[in-house]
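Here are the chains, one letter per residue:
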Amino acid sequence: GNAVQRTATIKNRYDAAFAETFLFAGVDVALDAADGLSSSSAASAGRAHLVLRVMDWDRFGKDEEVGRTVITLDRKSVGILGAEKSAETLLTSPSGKVAQGHDGQPTVISFTLAFSGLPQGR
């Protein structure tokens, strides 16, 4: 399914930082054959993805998407089971270009992933 979780809204900041933790239970991460699971291509329909979206906040009108990044949950993104893995990536604007901040620089999002174990029945 598509689970959606949301951070708190931080208003009037171009450099907002969110120290929040989200748990997504039952995510089927495609690991490689060395983990005892069958290997599959990145384009596999069953591959789980984490979508990080950054929205602006508007006092009047509708909040708009500043940018997003899509992380394929696999051995590269997950790392070692039980360990945290930090990463940075550029945000892509809704037009498909690299999102730029108010200063004209590319917008970067930093995050940490931790994968705690394999789903039951694998």
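Note that the structure is a prediction, hence the values are computed from the model and not measured.

This part is about the overall build of the chain. In terms of helices and strands, the chain carries one helix and four strands. Taken from N to C terminus, the helices and strands of the chain fall in the order β-β-α-β-β. Evaluated residue by residue, the chain yields a buried proportion of 20% over its 122 residues. Look at the contacts in the chain between residues 6 or more apart in sequence, and 41% of them connect residues 24 or more apart.

Turning to a nonpolar patch on the surface, a few remarks are in order. On the surface, Leu90, Val98 and Val108 cluster together into a nonpolar patch covering about 230 Å² of accessible area. Turning to its location among the elements, Leu90 is positioned in strand 3 (residues 84–90). Judged by its relative accessible area of 39%, Leu90 is partly exposed.

What follows covers the environment of Ala83. Within the secondary structure, Ala83 is located in the loop between helix 1 (75–78) and strand 3. As for Ala83 and Phe115, which are separated by 32 residues in sequence, their C-alpha atoms are 7.1 Å apart.

Under the defined criterion, the tally for this structure stands at two salt bridges. Residue Glu65 is joined to Arg53 by a salt bridge in which the shortest nitrogen-to-oxygen separation is 3.5 Å. Of the two residues, Glu65 is situated in strand 2 (residues 65–72) and Arg53 in strand 1 (residues 49–55); the sequence distance between them amounts to 12 residues. In this structure, Arg68 engages Glu65 in a salt bridge whose closest nitrogen and oxygen atoms are separated by 2.9 Å. With relative accessibility at 32%, the residue Arg68 sits in the partly exposed group. In this structure, a network of salt bridges that share partners links the residues Arg53, Glu65 and Arg68.

Fine structural detail should not be taken from predicted coordinates in areas where pLDDT scores are low. Residues with a pLDDT of 70 or more make up 70% of the chain, whose mean pLDDT is 74. Per-element confidence in the chain is highest for strand 2, whose mean pLDDT is 86, and lowest for helix 1, whose mean pLDDT is 68. A low-confidence stretch, residues 33–45 stays under pLDDT 50, and its non-local contacts, those more than four residues away or across chains, total 12 contacts.

Within the local environment of Glu65, its side chain forms a polar contact with the side chain of Arg68, the two groups lying 2.9 Å apart. Those residues in contact with Glu65, other than ones at most four positions away along the chain, are Arg53, Val54, Met55 and Pro94.

Take the environment of Ser93 next. Examined against the element boundaries, Ser93 turns out to sit in the loop between strand 3 and strand 4 (108–114). Considered as a pair, Ser93 and Val66 are 27 residues apart in the sequence and their alpha carbons are 6.0 Å apart. Once residues within four sequence positions are removed from consideration, Ser93 is found in contact with Val66, Gly67, Val98 and Ala99. Only 2.8 Å separates the side chain of Ser93 from the side chain of Ser95, close enough to count as a polar contact.

Definitions and limits used
- Residues numbered from 1 in each chain as written.
- Predicted model: local features only at pLDDT ≥ 70, side-chain atom pairs only at ≥ 80, totals over all residues.
- Heavy atoms only, no water.
- Helix = DSSP H or I, 4+ residues; strand = E, 2+ residues; numbered from the N terminus.
- Buried < 20%, exposed > 50% of the residue type's maximum accessible area, 1.4 Å probe, protein only.
- Contact = heavy atoms within 4.5 Å.
- Patch = residues over 30% accessible without salt bridge, like charges linked within 9 Å, V, L, I, M, F, W, Y side chains within 5 Å.
- Areas by Shrake-Rupley, 256 points an atom, 1.4 Å probe, with all protein chains shown as cover.
- Salt bridge = Lys/Arg side-chain N within 4 Å of Asp/Glu carboxyl O.
- pLDDT = per-residue confidence, 0-100.
- Polar contact = N/O pair within 3.5 Å; in protein donor to acceptor, adjacent residues only side chain to side chain.

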